[in-house]
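Summary of the model geometry
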Amino acid sequence: MSNSFYFQWHITDACNLRCKHCYQDNFSAKTELDWYQLKTICDNIIDALNQWHRKALITLTGGEPFLKKELIQLLDYLNASDEIKELSIISNITLLDERTIYVLKKFKKLKRIKFSLEGISPEINDSVRGRGTFKKISDNLKLLKTKSNFKVDLMYTLLKNNICDIPKIFSFCKEHNLDGFILERFIPLGQGASFKSEVLSDKDWKNLVGLLMDLCQVSCNLEDILEFKAFWIKFHTKNRKPLLLGAPCTVGVDGLCIMPNADIFPCRRFNLSIGNLLKEDLTDIWHNSDVLFAVRKKYNLKGKCNSCKIEDCRGCRAMAYAMTGDYLEEDKQCWL
């Protein structure tokens, strides 16, 4: 068992953008929690980590996290906890300014800022994220790199419309001296539910993985990396050589998602509440959830996922749930 546990904490639904592929359909602050409730969640997490003898890596996001007035207070509290190993933020960075960067730099455990683009050109990105966002993000990215020493990664959601830009990401990262980029599959939820035509086919996904192997000069069997549902390409500090890292599914293994109202999801794209941290102990949710118990056992899965020869792969439960309404169904995006 890994000593680390991963949380993606969505501290607000509020956002200044309306991206077409967004997994949200509510952009208001009506489910937001006050500081007392946020602290209660923190203490619930810390108590569980103490019992498990584990350390947490927590990513704060939204919505847009810089719209949450308690963000700095929350960072301060988490930064002071011995049970928290590392903090990061996912943001669209359109609201970032020099003063905010100055404040963020005081938190020693805040190591990484991740920002989102959906294309390496204004035409493709702005068709998804809104007019003018590519320029605003590019300008603030330069500010972030100039005024801080944070690790900075690009987050990229894979759509049929933007996979053509994948080779261009490498030069974009080099130009902006980024530490890497993360590729995640689009799962149609929330506002993105009407965007299903942009979901990659199994052939699209297979071709993309092959392309990444070529671009990163990786030599192995495609099936050897089939279990990975996302990829993180990191650049070597000195020679900028790309390193292809696969991201295995954390559902039921070593990760959870916390929603703005304290609901717990198995992951953000697995759109099903399994508990609430203002009402239940995290340890009880983790050990007693029927959903987590079901997806941990390969024999519960249906279709080709049930008989798959790749022992550590359970398919993408979030994709199955979004596309069929049954989280135990087979992963249609798998090419096997």
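These notes cover the structure that comes with them. No experiment lies behind these values; they were computed from the predicted model shown.

Moving on, we come to the overall build of the protein. In terms of regular secondary structure, the protein is built from 10 helices and 11 strands. Counting only C-alpha atoms, the protein reaches 50 × 45 × 40 Å along its principal axes. Going through the 336 residues of the protein one by one, you find that 57% of them count as buried. Nonlocal contacts in the protein, meaning residues at least 24 apart in sequence, comprise 71% of its contacts between residues at least 6 apart. Put simply, the protein shows about 15,300 Å² of open surface, and 49% of that area lies on carbon and sulfur atoms. If the 49 positive side-chain charges of the protein are averaged to one point and the 42 negative ones to another, these points end up 4 Å apart.

Once that is clear, we can look at empty space enclosed by the protein. One pass over the structure, following the stated rule, counts 1 cavity of 30 Å³ or more. Its boundaries defined by the atoms lining it, the largest cavity holds a volume of some 500 Å³. If you go around the largest cavity, you meet 30 residues; those closest to its centre are His21, Cys22, Tyr23, Ser116 and Arg129. If you list the elements that add at least two residues to the lining of the largest cavity, you get β1 (4–10), β3 (84–91), β5 (151–158) and β6 (180–185). A per-element tally of the lining of the largest cavity places β5 first, with 3 residues. Residue classes in the lining of the largest cavity are distributed as 13 nonpolar, 11 polar and 6 charged.

What follows deals with the pairing of strand β7 (residues 230–235). As paired elements, β6 and β7 share 5 bridges and run antiparallel to each other. Bridging across to β7, isoleucine 182 finds its partner in tryptophan 232. As judged from the 6 bridges shared by β7 and strand β8 (residues 242–247), these two strands associate in the antiparallel manner. Paired with phenylalanine 235 across the strands is proline 242, a residue of β8. What sits between the antiparallel neighbours β7 and β8 is a turn of 6 residues, in which arginine 240 has the positive phi angle 60 degrees.

A few words on the packing of helix α6 (residues 166–175) against helix α7 (residues 202–215). Relative orientation and spacing of two packed helices are given, respectively, by the angle between their axes and the distance between those axes. Where α6 meets α7, the axes come as close as 10 Å, and the angle between the chain directions of the two elements is 35 degrees. Crossing geometry of α6 relative to α7 is assigned as right-handed. Between α6 and α7, the residues in contact are Ile166, Pro167 and Phe170 and Leu208, Leu211, Leu212 and Leu215, respectively. In terms of residue class, the contact of α6 with α7 is built from 7 nonpolar, no polar and no charged.

Residues Trp9, Phe115, Leu154 and Ile233 are the most contacted members of the largest nonpolar core, which totals 100 residues. With 7 residues, helix α1 (residues 35–52) is the largest single contributor of residues to this core. If sequence neighbours within four positions are ignored, phenylalanine 115 has contacts with Ser91, Ile93, Ile137, Leu141, Val152, Asp153, Leu154, Met155, Phe172 and Leu178. Core analysis: the next-biggest nonpolar cluster, separate from the first, contains 5 residues, Leu17, Cys19, Cys22 and Phe27 among them.

Another point: the packing of aromatic side chains. Aromatic ring pairs are described here by two measures, namely the spacing of the ring centres and the angle between the planes. This model, assessed by the stated rule, comprises 15 aromatic pairs. Where phenylalanine 5 meets phenylalanine 7, the ring centres are 5.0 Å apart and the plane angle is 45 degrees; that geometry is what we call tilted. When the ring of phenylalanine 181 is compared with that of phenylalanine 235, the centres are 6.2 Å apart and the planes differ by 40 degrees; the resulting orientation is tilted. Taken together, the positions of phenylalanine 181 in strand β6 and phenylalanine 235 in strand β7 put the pair 54 residues apart, joining distant regions of the chain. Grouping residues by exposure puts phenylalanine 181 and phenylalanine 235 together as buried. Members of the aromatic cluster, each reached through a chain of ring pairs, are Phe5, Phe7, Trp52 and Trp286. When the ring centre of tryptophan 205 is taken as reference, the NZ or CZ atom of arginine 185 above it lies at 4.7 Å. Above the ring of tryptophan 286, the side-chain terminus of arginine 296 is found at 4.7 Å from the ring centroid.

With that settled, consider a negative patch on the surface. On the surface, a cluster of negative charge is made up of Asp47, Glu280, Asp281 and Asp284. With respect to the helices and strands, aspartate 284 occurs in helix α8 (residues 282–288).

The rules behind each value
- Residues numbered from 1 in each chain as written.
- Predicted model: local features only at pLDDT ≥ 70, side-chain atom pairs only at ≥ 80, totals over all residues.
- Heavy atoms only, no water.
- Helix = DSSP H or I, 4+ residues; strand = E, 2+ residues; numbered from the N terminus.
- Buried < 20%, exposed > 50% of the residue type's maximum accessible area, 1.4 Å probe, protein only.
- Contact = heavy atoms within 4.5 Å.
- Areas by Shrake-Rupley, 256 points an atom, 1.4 Å probe, with all protein chains shown as cover.
- Lys, Arg positive; Asp, Glu negative; His and termini not counted.
- Charge placed at Lys NZ, Arg CZ, Asp CG, Glu CD.
- 1 Å grid on protein atoms, 1.4 Å probe; cavity = no way out; pocket = protein on both sides within 12 Å on 5 of 7 lines; lining within 4 Å.
- Points joined across faces, edges and corners; volume = space filled by probe spheres on them.
- Nonpolar A, V, L, I, M, F, W, Y, C, P; charged D, E, K, R; others polar.
- Pairing = 2+ DSSP bridges.
- Axes fitted to C-alpha atoms, helices over the stretch in contact; angles between N-to-C directions.
- Left-handed = near helix turned anticlockwise from the far one by under 90°.
- Core = buried A, V, L, I, M, F, W, Y, C linked by side-chain atoms within 4.5 Å.
- Phe/Tyr/Trp six-rings, centres within 6.5 Å; stacked < 30°, edge-to-face > 60°.
- Lys NZ or Arg CZ within 6 Å of the ring centre and 35° of its normal.
- Patch = residues over 30% accessible without salt bridge, like charges linked within 9 Å, V, L, I, M, F, W, Y side chains within 5 Å.
- Salt bridge = Lys/Arg side-chain N within 4 Å of Asp/Glu carboxyl O.

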